[in-house]
Structure formats: C-alpha cells, structure tokens
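Each chain, written out:
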Amino acid sequence: MIAIRGATTIEKDEKDAIRIAVKELLTEIETKNSLNRSEIMSIVFSSTSDIHSYYPAKAAREAGFESCALFSATEPEIDGSLKLCIRVMLFVEKNLTPKHVYLHGALTLRKDVAKKYNVAIDGPAGSGKSTIAKALAADYRILYLDTGALYRAAALMAEDLGIDPVDAEKVSSMLEQLDITVNYEDGAQRTILNGTDVTNRLRSQSVTMGASAISKHPAVRTKLLNVQREIAKNTTCVLDGRDIGTVVLPNADFKFFLTADPDIRAKRRYDEMLAKGIEVDFDSLKNEIILRDKQDSTRAHAPLKKAEDAIEIDTSRLNIQEVLAVIKSKIQEKI
Ligand code: DC
C-alpha cells in the first residue's frame, strides 16, 4: 500500500467550486500515477476551516469514486496558512513511486516551489503574453509583473515633458528624474511614475509607440532592468516582456516565447480596443504592430528574441485556456 498526496485551492467557498476542484485534483492524481480506480483503497480529505459549502468526500463520490472509503476532516485555522485549500491523501494498492499533485494556489505548498521561482514569458505585441501571464499569476496565486508598463511609463514621462523618445541625449538626462515603482491592488499591477499612479494613461497609441522607441536606449534599459530584477529577486512571479528570458532573468526557472501571425495579433488588439469602446482602424493597427515588431526586434540592445532555452508556443490557433494548459503542464512537469 502506498500513499499519494495532493492539494488544490478554490477561488470561493461554493459547492460547485469544491466539486470541480475535487474532481480535477483526483483525476490529475489518477492520470499522473496511471491509476486504475479500483486500485484506490481510500481517500482522506482535509480542508481549511474556511470551506463550509460542501463535503469534499461527497464531491468525490459524485465524481465517480464509488467503491473506496472516504473521510473528510477540517484543519485548524492558523495565521498565514493557505486559504480555501483542499488536501488529499490517497491510499493505493499498487507498487509505484508516487507522483504527488499540487494544483493552483496549492503549488506554493511544495517546498521546492515555495522557495521561489520565476516564469519568463516573452513575445511580440499581441502574441497573448500579458493575458496568459495574468491568468497564470491568478491561477498559481503568484505576482505578475507587466514589464512593458515600465517602458510605457518612461515614454509617458517623455511625452509629458515634450521630449522626443528617439532623442538619446534628452532621454538620458530625463532618466535622472525618472522613478518608476509598482504596487498591487487586488492582484492588479499599478504603475507609479514619480509618485503618481499613471496606470490608466499607459495604453494610448502615442505612449505605445513611444515605449517602443524609448526602449531602444541602453540607458533606459539599464535603469528599468534594476527595477525588474529587484522585484523578481525575492518574489515568485511571472514577468512578460521582450527580453525577460534573454537579459532580465537569463536564469529564470521557466521560459516561454509566444508567437502568432501578425494578422491574428492585429485582430486580437482590434477586438480588445473595440471591447473597450475605442474605435480603431484595423489596417493602421496592423501596420503599427508590424512597425513595433521591427523596432523591438532589430534594436541593438536586448532585442525581442527567443532565449535558446525558451519553449516556443505559436498561439495563432490556440485559445487562452489551451496556451495556459501547455504552460502549466510544462511547469508542473518540472516541479
Ligand atoms: O508589452 P508592451 O506592448 O506593453 O510593451 C511596450 C513596449 O515596451 C514594447 O514595444 C517594447 C518595450 N518593451 C521592452 O523593450 N522590453 C520589455 N521587457 C517590455 C517592453
């Protein structure tokens, strides 16, 4: 008889969330360990005391775990412990090396992972990197650093001062006054430029093009490199950008490089703008993306480039969940 452990977390204490989470966790344990359901003798559940809406054991019965013995217990409330967490221990009649399974926020329970890890996601505009990075951060409950926002904030400062972002000399002297930090509100990044929250001003077309232009100056990159490394040094986080896997964190634990056809990337941006109620011309958006690709990938310093050890994913024909699944399976394979 061997014991296999597992844990997962839910977003809300709701019956359906508990049912889905229990089914996902047990199915994943079965798959990872190539288990036959009849080999499972019993399952012990323990859930944190903030879970009241449903019995995990009942959810397991409903998910088809019919013949094994089931038992549910509640853990004491301890300060700082993981919230909304369901743990399991499966006793199995089989001789195997158990593969324990930790999903969602419970990944942080793994000592090797909890130690700290960084995920680098690079790629051109519209490849889906920020959507994916945000979704991954929410799922694993880790921090998301949007590094493009830092370059955008630098471009915004230049714009406000009437400085041409291409002008190396003027940009260089501007850097002495440039102070960019980030903080988080409900998990969402706020970008602070010289003490003012400028998050809502970073997505205009002029700032977008300005960021691409200003990011080619080595002095700008060096300054922002420190901001990024400082955050990544002590925090488990996912960063998206152009040079995360190559320059900012060449030793990142996980590196991904997302690509997609320019037409598809332009369409994504177009739909995104429309959803926000912003009217844009598709062709000029596409031209802007192509121009940015060119600027970002041909600059001399830290150009947009796939790191040799990054996993490339063409997202042209994949939806968010599919890309996320590929990334998660690669991460979970290693940890
Ligand atoms: O990812 P984004 O669209 O917010 O980035 C805006 C610009 O900033 C992008 O065109 C190039 C630059 N950038 C960069 O040079 N390095 C990064 N790590 C992130 C962005």
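The paragraphs below set out a description of the structure included in this document. (Residues numbered from 1 in each chain as written. Predicted model: local features only at pLDDT ≥ 70, side-chain atom pairs only at ≥ 80, totals over all residues. Heavy atoms only, no water.)

**Focus on the pattern of salt bridges**
Thought 1: Going through the model one piece at a time under the given rule, you end up with 21 salt bridges.
Thought 2: Linking Arg19 and Glu62 is a salt bridge whose minimum nitrogen-to-oxygen distance equals 2.9 Å. Here the residue Arg19 occupies a position in helix H1 (residues 15-32), and Glu62 occupies one in helix H2 (residues 56-62), the gap between them amounting to 43 residues.
Thought 3: Taking the relative accessible area as the measure of exposure, Glu62 reaches 41% and is therefore partly exposed. (Salt bridge = Lys/Arg side-chain N within 4 Å of Asp/Glu carboxyl O. Helix = DSSP H or I, 4+ residues; strand = E, 2+ residues; numbered from the N terminus. Buried < 20%, exposed > 50% of the residue type's maximum accessible area, 1.4 Å probe, protein only.)

**A look at the site of the ligand**
Thought 1: Within the structure, the ligand sits among 16 residues, and Arg152, Arg221, Arg242, Asp296 and Arg299 are positioned closest to it.
Thought 2: One of the side-chain nitrogen or oxygen atoms of Thr147 is found 3.0 Å away from a nitrogen atom of the ligand.
Thought 3: Alone, the ligand offers 450 Å² of accessible surface; in the complex the protein occludes 97% of this.
Thought 4: Sorting the residues of the shell around the ligand by element identifies helix H5 (148-161), helix H7 (205-214) and helix H11 (282-298) as the ones contributing at least two each.
Thought 5: Element by element, the count of residues in the shell around the ligand is highest for H5, at three residues.
Thought 6: Split into classes, the residues belonging to the shell around the ligand amount to three nonpolar, five polar and eight charged. (Near = heavy atom within 4 Å. Polar contact = N/O pair within 3.5 Å; in protein donor to acceptor, adjacent residues only side chain to side chain. Areas by Shrake-Rupley, 256 points an atom, 1.4 Å probe, with all protein chains shown as cover. Nonpolar A, V, L, I, M, F, W, Y, C, P; charged D, E, K, R; others polar.)

**Quick look at H1**
Thought 1: In this model, H1 (18 residues) spans 26 Å end to end at C-alpha, consistent with the 26 Å of a helix rising 1.5 Å per residue.
Thought 2: Regarding H1, the residues found buried are Ile18, Ala21, Val22, Leu25, Leu26, Ile29 and Glu30. Projected down its long axis, H1 carries its buried residues within an arc of 160°, all on one side. Projecting away from the buried face of H1 at angles above 90 degrees are the exposed residues Ile20 and Thr31.
Thought 3: Count one or two residues on from H1 and you reach Ser34, which has phi positive near 45°. (Expected span 1.5 Å × (residues − 1). Arc of directions from axis to C-beta.)

**Side note on the side chain of Lys255**
Thought 1: Within the fold, Lys255 resides in strand E12 (residues 254-259).
Thought 2: Reaching out from Lys255, the side chain makes a polar contact with the side chain of Asp309 at a distance of 3.0 Å.
Thought 3: Among residues more than four places away in sequence, those in contact with Lys255 are Ala120, Gly245, Leu249, Pro250, Ala307, Asp309, Ala310 and Ile311. (Contact = heavy atoms within 4.5 Å.)

**Considerations on the nonpolar core**
Thought 1: One finds Ile180 and Ile214 to be the most contacted residues of the largest nonpolar core, which totals 36 residues.
Thought 2: Contributions of two or more residues to this core are made by H5, helix H6 (168-175), strand E8 (180-185), H7, helix H8 (218-234), strand E11 (237-241) and helix H9 (244-248).
Thought 3: Those residues in contact with Ile180 that lie beyond four places of it in its chain are Leu150, Ala153, Ala154, Thr191, Ile192, Leu193, Leu224 and Val227.
Thought 4: Membership of the second largest hydrophobic core comes to 29 residues, among which are Leu35, Ile51, Ala63 and Val92. (Core = buried A, V, L, I, M, F, W, Y, C linked by side-chain atoms within 4.5 Å.)

**Remarks on the pairing of strand E9 (residues 188-193)**
Thought 1: In terms of burial, E9 is largely enclosed, as five of its six residues are buried.
Thought 2: Here six bridges tie E8 to E9, and the two strands are oriented antiparallel to one another. Across the sheet, Tyr184 pairs through a bridge with Gln189, a residue of E9.
Thought 3: Joining the antiparallel neighbours E8 and E9 is a turn of two residues, in which Asp186 adopts a positive phi near 50°.
Thought 4: Relative to strand E10 (residues 196-197), E9 runs antiparallel, the two sharing two bridges. Bridge assignment links Leu193 to a residue of E10, and that residue is Thr196.
Thought 5: Between the end of E9 and the start of E10, which pair antiparallel, lie two residues, with Asn194 showing a positive phi angle near 45°. (Pairing = 2+ DSSP bridges.)

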